[in-house]
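Report on the structure
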Amino acid sequence: MLMALFRRNRTETYADDFARTGRLLEGLEAAYAARTGDPASDLPLTDFEDVVIEAAMPLHGDPYPPAGHTYPKRG
């Protein structure tokens, strides 16, 4: 039963991935605001925040999914 929690839904779509990325970025924004006291602060991002931003926002023209990944799987 526990392993079922970690299994990916094999019918996820690009829209599912887009929605999950949006929730991740909203959470990152809330965490940054809590850390800095201002969501528009000029304080630099932490290394972790920088990695999340870079991973969530691929450059225009980058292939999706990235090489070596099979997500999203079509069921």
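Residues numbered from 1 in each chain as written. Predicted model: local features only at pLDDT ≥ 70, side-chain atom pairs only at ≥ 80, totals over all residues. Heavy atoms only, no water.

Let us look at the pattern of salt bridges. Following the criterion strictly, the structure yields two salt bridges and no others. Across the salt bridge formed by Asp17 and Arg20, the nearest N and O atoms sit 3.5 Å from each other. Note that Asp17 and Arg20 are positioned in helix 2 (residues 14-36) at a spacing of three residues, about one turn of the helix. With a closest N to O distance of 2.8 Å, Arg35 and Glu49 form a salt bridge. Of the two residues, Arg35 is situated in helix 2 and Glu49 in helix 3 (residues 47-56); the sequence distance between them amounts to 14 residues. Judged by its relative accessible area of 5%, Glu49 is buried. (Salt bridge = Lys/Arg side-chain N within 4 Å of Asp/Glu carboxyl O. Helix = DSSP H or I, 4+ residues; strand = E, 2+ residues; numbered from the N terminus. Buried < 20%, exposed > 50% of the residue type's maximum accessible area, 1.4 Å probe, protein only.)

The residue Leu28 is located in helix 2 in this model. Leu28 sits in the buried class, given a relative accessible area of 12%. Sequence separation of Leu28 and Phe48 is 20 residues, and the distance between their C-alpha atoms is 9.9 Å. Leu28 has contacts with Glu49, Val52 and Ile53, leaving out every residue within four places of it along the chain. (Contact = heavy atoms within 4.5 Å.)

This brings us to the confidence of the model for the protein chain. Summary statistics for the protein chain give a mean pLDDT of 78 and a share of 71% for residues scoring 70 or more. Across the protein chain, element-level confidence peaks in helix 2 with a mean pLDDT of 90 and bottoms out in helix 1 (residues 2-6) with 57. (pLDDT = per-residue confidence, 0-100.)

Here we come to a nonpolar patch on the surface. On the surface, Leu45, Ile53 and Met57 cluster together into a nonpolar patch covering about 260 Å² of accessible area. Among the structural elements, Met57 can be located in the segment after helix 3. (Patch = residues over 30% accessible without salt bridge, like charges linked within 9 Å, V, L, I, M, F, W, Y side chains within 5 Å. Areas by Shrake-Rupley, 256 points an atom, 1.4 Å probe, with all protein chains shown as cover.)

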